[in-house]
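Here is how the chains run, residue by residue.
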Amino acid sequence: MIKPALYKNETATPPDFWERQYDSLDDIWIELHRIQTDFCFGSEIGCYLRFPNWHSAKTVADIGTGSGYYLYGLQSVFPDKQYTGIDINNTFIEHARTNYGTSSIDFQSSDLFSYAGEFDFLIIRLVFQHLSSPTNALDKIVDLLKPGGSAFVIDALDQYRFYYPEPTEYIRFFKAYTQHQLSHGMDRDICGKIPALITQHPKLKIESSTELTIPSTISNNLSLFEQTYYLVILMLEADGKMQYDYDSVKKAWRKWCHLNRRYMQVGLRYIILRRL
């Protein structure tokens, strides 16, 4: 009998992962983006498949494309489109061009608000939580969409995040991170507030909204979750803007990752916007 990851007693994450060294904050981000994509991608594909506007779209822009790994995966499933990945980080764009650039994927280094173009479909994935001006971002979405075009907004749904047993130290750390972001005008719960913003917007409407839970019991997800949340610690430590006892939370997280019968899940919200 094949048992789900919850009942496996062996260590899920490869032992060498904990000793890896990263040369820069950008390197941590690139690795984090790859691993986070791997545990979400299979669950997200169904969200694309169910929308007619996605199937008819010929030009697609991925706003905040990061390493380009997600967009490359999307192109491999839906090859009949022309894709543009946009990110403000030059290192990410160079990595994306080197590793994932193809005749149907172009990567451009630009700030969201400076970019000029027009597309059938936009993907804004895990970006809104890092923006201090979501209303201005919605206005820019209108500028980048062709009339009748759609935007797929994907972001965190932290109320669905759950651990068993509860990793008290890590939860404390993540709350500190959430408050740190809020103090700088960035809201991890922004996806829950977008519907209210859209009701006031004259050129956008919500076509649909879906909530998704991704559990660690899906094959290999337990390891991917463990690596993702450890990399979040390393990322914030390397960034240096949030003061915290990083050695303590790293030790506590590694201890949790060696418990038997551990489980975790994450939540995402998917909102389809239509330009009027």
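Residues numbered from 1 in each chain as written. Predicted model: local features only at pLDDT ≥ 70, side-chain atom pairs only at ≥ 80, totals over all residues. Heavy atoms only, no water.

J.: It is not clear to me how the overall build of the protein chain should be interpreted in this structure. Could you clarify?
T.: Scanning the protein chain for helices and strands turns up 9 helices and 8 strands. For a compact globule of 276 residues, the expected C-alpha radius of gyration is about 19 Å, and the protein chain comes in at 19 Å, within 12% of that figure. Dimensions of the protein chain along its principal axes, counting C-alpha atoms only, are 50 × 45 × 35 Å. Counting across all 276 residues of the protein chain, residues that qualify as buried make up 52%. Across the protein chain, contacts joining residues at least 24 apart in sequence account for 79% of those joining residues at least 6 apart. For the protein chain, the accessible area works out to roughly 12800 Å², and carbon and sulfur atoms hold 51% of it. (Helix = DSSP H or I, 4+ residues; strand = E, 2+ residues; numbered from the N terminus. Rg over C-alpha atoms; globule rule 2.2 N^0.38 Å. Buried < 20%, exposed > 50% of the residue type's maximum accessible area, 1.4 Å probe, protein only. Contact = heavy atoms within 4.5 Å. Areas by Shrake-Rupley, 256 points an atom, 1.4 Å probe, with all protein chains shown as cover.)

J.: Explain the pattern of salt bridges here, please?
T.: Once the charged atoms of two side chains with opposite charge are near each other, the side chains can pair. One pass over the structure, following the stated rule, counts 16 salt bridges. The closest approach of N and O atoms between Arg20 and Glu31, which form a salt bridge, is 3.4 Å. Note that Arg20 is positioned in the segment before helix H1 (25-49) and Glu31 in helix H1, a separation of 11 residues in sequence. On the accessibility criterion, Arg20 (31% relative accessible area) is partly exposed. What makes Glu31 buried here is its relative accessible area of 15%. Close ionic contact of Arg161 with Asp158 constitutes a salt bridge, the shortest N to O distance being 2.7 Å. Here Asp158 falls in the partly exposed class, since its relative accessible area comes to 25%. (Salt bridge = Lys/Arg side-chain N within 4 Å of Asp/Glu carboxyl O.)

J.: Could you clarify how one ought to interpret the packing of aromatic side chains in this entry?
T.: Any pair of aromatic rings gets described here by the distance separating the centres and the angle formed by the planes. Taken as a whole and assessed by the stated rule, the structure comprises 31 aromatic pairs. Aromatic side chains Tyr48 and Phe78 sit 6.3 Å apart centroid to centroid with 45 degrees between the ring planes, which places their arrangement in the tilted category. Here the residue Tyr48 occupies a position in helix H1, and Phe78 occupies one in the loop between helix H3 (69-77) and strand S2 (82-87), the gap between them amounting to 30 residues. For Tyr48, a relative accessible area of 0% gives the class buried. Residue Phe78 is classed as buried on the basis of its relative accessible area of 8%. Between the aromatic rings of Tyr163 and Tyr229, the centroid separation amounts to 6.3 Å while the plane-to-plane angle is 75 degrees, which identifies the pairing as edge-to-face. Of this pair, Tyr163 sits in strand S6 (residues 162-164) while Tyr229 sits in helix H8 (residues 221-239), placing them 66 residues apart in sequence. Look at Tyr229 and you get buried, because its relative accessible area is 7%. (Phe/Tyr/Trp six-rings, centres within 6.5 Å; stacked < 30°, edge-to-face > 60°.)

J.: Hey, could you run me through the nonpolar core in this one?
T.: The tendency in soluble globular proteins is for nonpolar side chains to be buried side by side. Membership of the largest hydrophobic core comes to 57 residues, with the highest contact counts inside it found for Tyr48, Trp54, Leu74, Tyr170, Phe173 and Trp253. Ranked by residue count, the leading element in this core is H8, at 10 residues. In this structure, Leu112, Phe119, Leu144 and Val153 belong to the second largest nonpolar core, which totals 26 residues. (Core = buried A, V, L, I, M, F, W, Y, C linked by side-chain atoms within 4.5 Å.)

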